[in-house]
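The residues making up each chain are set out below.
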Amino acid sequence: MSRTLCFETICCENRQLKNLAYHEARLNRTRHELWGYSDYWNLSELLIIPDNVDHTLHKCRVSYSQEIEVIKWEPYAYRNIRKIRRVYHDAIDYRYKYEDREELNTLFAQRNDADEILIIKNGLVTDSLYGNVAFYNGITWVTPNSPLLPGTQRAFLLESGVIKEERISDDDLANFNKIRLFNAMIGWENAVELGMDCIV
């Protein structure tokens, strides 16, 4: 039986690790809830930025279980998203950031000519493949209260009051006029923003 691994993707910009406290909290919560570990990892002590990582945007990927398995550093390139396809799965479970993303990849394969997917579970909007989403109703940006995985950027934006959380059903999408997609690597100011007509 293969060992379960989880991972964190941490944004490194200008040789600074961003939102590290949120990643640290999730990593330590995951280790406690999945495997019962009670020790606490301090990521600022464990992650040493290599000399060959310059001031451009880089992704630090930390794979772990009981111990850190692999740390990878690589330049980050933004994806071009123009069209999003709704896909449906009522049993998908991604509460923890597992290395095994087979179920998610199977859903992504259903996108046809779209660039991204919007996952609907039991009639409720959850996430895209690569991150969380928020919708604009003309007054406020709101994010679903039913994400598959509550992201670190999402936690930061909620705490900062930039977005609010509410129940959003598949049918509710008609009430919004814009969508934004964001994750640990894509801050709010760089989030992909599209009109709702991009969602099919």
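Rules behind the numbers
- Residues numbered from 1 in each chain as written.
- Predicted model: local features only at pLDDT ≥ 70, side-chain atom pairs only at ≥ 80, totals over all residues.
- Heavy atoms only, no water.
- Phe/Tyr/Trp six-rings, centres within 6.5 Å; stacked < 30°, edge-to-face > 60°.
- Buried < 20%, exposed > 50% of the residue type's maximum accessible area, 1.4 Å probe, protein only.
- Lys NZ or Arg CZ within 6 Å of the ring centre and 35° of its normal.
- Pairing = 2+ DSSP bridges.
- Helix = DSSP H or I, 4+ residues; strand = E, 2+ residues; numbered from the N terminus.
- Axes fitted to C-alpha atoms, helices over the stretch in contact; angles between N-to-C directions.
- Parallel < 35°, antiparallel > 145°, perpendicular 65-115°, else oblique.
- Left-handed = near helix turned anticlockwise from the far one by under 90°.
- Contact = heavy atoms within 4.5 Å.

Per an unreviewed UniProt entry, the chain goes by Aminotransferase class IV family protein and derives from Dyadobacter chenhuakuii.

K.L.:
Would you explain the packing of aromatic side chains in this entry?
P.N.:
For any pair of aromatic rings, geometry is given as the distance between the ring centres together with the angle between the planes. Here the structure, examined in full by the defined rule, presents 12 aromatic pairs. Each ring, one from tyrosine 136 and one from tryptophan 141, has its centre 5.1 Å from the other, and the planes form 35°; the classification is tilted. By relative accessible area, which is 11% here, tryptophan 141 ends up buried. Chaining the aromatic ring pairs together yields one cluster made of Trp35, Tyr37, Trp41 and Tyr64. A cation over an aromatic ring shows up here: arginine 31 above the ring of tryptophan 41, its NZ or CZ 3.8 Å from the ring centre.

K.L.:
I tried to follow the sheet that holds strand β6 (residues 116-121) on my own but got confused; where do I start?
P.N.:
Sheet strands pair via backbone hydrogen bonds, and the direction of the pair is either parallel or antiparallel. Reading across from one edge, β5-β6-β7 is the order of the three strands in this open sheet, with mixed pairing throughout. The open sheet is flanked by β5 (84-88) and β7 (124-128), the only strands paired with a single partner. Put simply, the sheet's adjacent strands are angled 30° from each other on average, direction ignored. Relative to β6, β5 runs parallel, the two being bridged by five bridges. Residue pairing across strands places arginine 86 opposite leucine 118, the latter belonging to β6.

K.L.:
Sorry, what's going on with the packing of helix α1 (residues 20-35) against helix α4 (residues 152-160) here?
P.N.:
Helix packing geometry: the angle between the two helix axes and the distance between the axes. In contact at an axis separation of 9 Å, α1 and α4 are set at 120° when each is read in the N-to-C sense. The angle between the axes of α1 and α4 places the two elements in the oblique class. Of the two elements, α1 crosses α4, and the hand of that crossing is right-handed. Of the residues in α4, those in contact with Tyr22, His23 and Arg26 of α1 are Thr152, Ala155, Phe156 and Glu159.

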